[in-house]
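Residue-level listing of the chains:
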Amino acid sequence: TLEGLPAVRRLTAWEPTRLESLAGEYETPLYVLDLDRVRENARRLESAFPDAEILYAVKANALSDALETLHEAGIGLECASAGELSRALVVTDSGADVHYTAVNPPAGDLDIAVEAWEAYPELTITAGAEDTIDRLEERGYDGRLCLRVNPGIGAGHHEKVQTGANAKFGVPAERAVDVLADAADRGFDVVGIHAHVGSGVSSDQLDAHREFVSRMGELARSVTAAVGDLEFVDIGGGFGVPYREADAPLDLEAVAEATREAVGDVDAQLTIEPGRYFVADAGVLLTEVNTVKDARETTLVGVDAGMTTLLRPAMYDAYHPIRNLTADTEADSSDGDRSRGTTAQTITGPICESGDVFCTDRELPESERGDLLAIGNAGAYGYEMANQYNSRPRPASVVIEDGTVRLARRRETIDDVTSVERES
Ligand code: LLP
């Protein structure tokens, strides 16, 4: 019955028993990423945007295996920090199709980016402030420069991710021509303009997307007339994916069509840089139930993953599909003479915060201690936002490729958490 429902597509494609054996072997909490699905998502983007240059926003999931898979598939890499840039250069051994998008960059990040450019002169640096351009110049940089603009319009799944309207990001679009003319005069190789409207843009926000790309088209025409030809117009990422069973998948063709209408006549390459779209539905987080208790209004289910493992529900009230794999296996087994009823459950982790909650009063098969739960759509901004609050080591990650499983990143130990402090 779950067949064909987008938010749980990946969960149903993987046999529950298979995930149970992974949890047995690698322990929980455990991130699982299906690289074949990542490749499929890349192909879907390529077929909707056949003429665009496609970059992957590394911040969604920086696991080296994911970067290698996408690089091999011909996808470029967009990096938000020196750390992401270092990862990208190890994987690509080239600056071509690698963009570093600097947001209030710490000095060390700029030092590393400029050093990277000396080794890989095809690297593109995207500056979002005039200060950043000055600081690049101070470091002797006169390479490929793209300007991030603030289009003055945002969209996305939550106000905290609507970058296009948040003044932190980019130079106000109306200042872009002056800033780029000045940069060109100073000897930078001006190659593009960039903006990112926000993250998790759904089909019902197509009007905002249309307005955003039309502003980008207009700006590209003014820059071309006043400063000179642009190599590319980068409209960022933000393509949403369904999280709820009832959500419709994003109409990628409609997004592509609206984009073509707005920038198709600009004599420059269209560049897109989605993150979530490549990896979200390729990942699950496995976690084990260790506590079940009746609370006043709900059944409280304690699991071994928490907001330190997957922050999105606590930070954005984000919905993630959850399945009880143990209950599924029981129901599927031929001698299964028991079927569990469902109850309203609040699933919480081990962190000392009352916001450490994955879902509230969600109707799920009755949980029992030892059950294995799968939290779906955890491939994007899952492990990436994990942290060590409460001195909790971060989990392991495994990848599945061509039907085989391998450990991609080992589980941290308590020693990993404490060993960076002064030796006592
Ligand atoms: N390009 C730029 C410049 C960005 O800032 C971002 C995301 C992307 C591309 C990729 O956006 P995507 O295609 O993944 O939506 N932690 C939040 C998402 C924050 C995204 C920030 N920037 C979440 O879990 O929803």
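Just so you know, these numbers come straight off a predicted model, no measurement behind them.

Novice: Account for the overall build of the protein, naming residues and giving values.
Specialist: Scanning the protein from N- to C-terminus turns up 14 helices and 18 strands. Computed over the C-alpha atoms, the radius of gyration of the protein is 23 Å, within 12% of the 22 Å expected from 2.2 N^0.38 for a compact globule of 424 residues. Dimensions of the protein along its principal axes, counting C-alpha atoms only, are 75 × 55 × 40 Å. Counting across all 424 residues of the protein, residues that qualify as buried make up 50%. Restricting the contact set of the protein to residue pairs at least 6 apart, pairs at least 24 apart contribute 72%.

Novice: Describe in detail the domain arrangement of the protein, supporting the description with residues and values.
Specialist: For the protein, the assigned domains are domain 1 (6-12 + 280-418) and domain 2 (35-278). Put simply, the middle of domain 1 and the middle of domain 2, counted by C-alpha atoms, are 32 Å apart. Each partner contributes to the interface: domain 1 provides 25 residues, whereas domain 2 provides 24 residues. Its residues placed into classes, the side of domain 1 that touches domain 2 shows 15 nonpolar, 4 polar and 6 charged.

Novice: Quick one: what's the story with the UniProt feature "active site" (unreviewed entry) in the protein, residue by residue and with numbers?
Specialist: In the numbering used here, UniProt assigns the feature "active site" (unreviewed entry) to Cys352. When you line up the elements, Cys352 lands in the loop between strand S14 (342-348) and strand S15 (357-365). Judged by the 9 C-beta atoms lying within 10 Å of it, Cys352 is exposed.

Novice: Can you explain the pairing of strand S5 (residues 124-127)? Please cite residues and give values.
Specialist: The alternating pattern of S5 places Thr124 and Thr126 on one face and Ile125 and Ala127 on the opposite face, and all of these are buried. Direction of pairing for strand S4 (residues 98-102) relative to S5: parallel, over a ladder of 4 bridges. What sits directly across from His99, in S5, is Thr124. As for the winding sense of the linkage, the β-α-β connection from S4 through helix H6 (residues 107-119) to S5 is right-handed. Note that S5 and strand S6 (residues 144-150) share 4 bridges and pair parallel. Pairing of Thr124 across the sheet is with Arg144, part of S6. Regarding the hand of the β-α-β motif, the stretch spanning S5, helix H7 (residues 130-138) and S6 is right-handed.

Novice: A description of the UniProt feature "binding site: substrate" (unreviewed entry) in the protein should follow, citing residues and the corresponding values.
Specialist: Sites flagged by UniProt as "binding site: substrate" (unreviewed entry) map to Arg276, Arg312, Tyr316, Glu353 and Tyr381. In sequence the annotated residues extend across 106 residues, and in space they extend as well, their farthest C-alpha pair lying 27.0 Å apart. Looking at the secondary structure, you find Arg312 in helix H12 (residues 312-316). In this fold, Tyr381 is placed in the loop between strand S16 (372-375) and strand S17 (396-401). When residues no more than four places from it in sequence are discounted, the contact partners of Tyr381 are Ala60 and Arg312.

Novice: Tell me what's going on with the site of the ligand, and back it up with residues and numbers.
Specialist: Among the 21 residues in the neighbourhood of the ligand, the closest are listed as Ala57, Ser199, Gly237, Gly275 and Tyr381. Sorting the residues of the shell around the ligand by element identifies helix H11 (276-279) and H12 as the ones contributing at least two each. When its residues are assigned to classes, the shell around the ligand shows 8 nonpolar, 9 polar and 4 charged. Both domains that meet at the shell around the ligand, namely domain 1 (6-12 + 280-418) and domain 2 (35-278), each give it at least three residues.

Novice: Would you mind going over the packing of helix H4 (residues 64-72) against helix H5 (residues 82-92) in detail, with residue names and values included?
Specialist: Across the interface, H4 lies against H5 with an axial gap of 10 Å and an inter-helix angle of 50°. One way to sum up the angle between H4 and H5 is to call them oblique. The handedness of the crossing between H4 and H5 is right-handed. Each of Ser64, Leu67, Glu68 and His71 in H4 lies in contact with H5, whose residues at this interface are Arg87, Ala88, Val91 and Thr92. A class-by-class count of the residues in the contact of H4 with H5 yields 3 nonpolar, 3 polar and 2 charged.

Novice: How would you summarise unusual backbone geometry if you had to cite specific residues and measurements?
Specialist: For the peptide bond that leads from Thr28 to Pro29, omega is -5°, which places it in the cis range. In this structure, Glu27 takes a positive phi of about 70° despite not being glycine. A positive phi angle, near 65°, is found at Asn390, a position not held by glycine. By the secondary structure assignment, Asn390 is in the loop between S16 and S17.

Novice: Account for the packing of helix H9 (residues 206-226) against helix H10 (residues 252-263), naming residues and giving values.
Specialist: Remark: H9 packs on H10, axes separated minimally by 8 Å, with the N-to-C direction vectors making an angle of 30°. Comparing their axes, H10 and H9 come out roughly parallel. The handedness of the crossing between H9 and H10 is right-handed. Residues Leu206, His209, Arg210, Val213, Ser214, Met216, Gly217 and Ala220 of H9 touch H10, and the partners they reach there are Ala254, Val255, Ala258, Thr259, Ala262 and Val263. Here the residues of the contact of H9 with H10 sort into 9 nonpolar, 4 polar and 1 charged.

Novice: Give me the lowdown on the nonpolar core, citing residues and values where you can.
Specialist: Among the nonpolar cores identified, the biggest contains 117 residues, and Ala176, Ile193, Met216, Val233 and Leu286 are the most heavily contacted of them. Counting residues per element, this core draws most heavily on H9, which supplies 7 residues. Both domains that furnish three or more residues to this core are identified here as domain 1 (6-12 + 280-418) and domain 2 (35-278). Apart from residues lying up to four places away in sequence, Val233 is in contact with Gly192, Ile193, Met216, Ala220, Val263, Val266, Ala268, Leu270 and Thr271.

Novice: Explain helix H13 (residues 325-332) to me, using residue names and the numbers behind them.
Specialist: Within the span of H13, buried status applies to Leu325, Thr326, Ala327 and Asp328. Residues of H13 that are buried sit in contact with helix H2 (16-26), strand S13 (322-324), S15 and S16.

Criteria and thresholds
- Residues numbered from 1 in each chain as written.
- Predicted model: local features only at pLDDT ≥ 70, side-chain atom pairs only at ≥ 80, totals over all residues.
- Helix = DSSP H or I, 4+ residues; strand = E, 2+ residues; numbered from the N terminus.
- Rg over C-alpha atoms; globule rule 2.2 N^0.38 Å.
- Buried ≥ 20, exposed ≤ 12 C-beta atoms within 10 Å, placed from the backbone.
- Contact = placed C-beta atoms within 7 Å.
- Domains from an automatic or database assignment.
- Nonpolar A, V, L, I, M, F, W, Y, C, P; charged D, E, K, R; others polar.
- UniProt positions renumbered as here; feature names shortened; annotations may be inferred.
- Pairing = 2+ DSSP bridges.
- Right-handed = clockwise from strand over helix to strand, strands pointing away.
- Near = placed C-beta within 6 Å.
- Axes fitted to C-alpha atoms, helices over the stretch in contact; angles between N-to-C directions.
- Parallel < 35°, antiparallel > 145°, perpendicular 65-115°, else oblique.
- Left-handed = near helix turned anticlockwise from the far one by under 90°.
- Core = buried A, V, L, I, M, F, W, Y, C linked by C-beta atoms within 7 Å.

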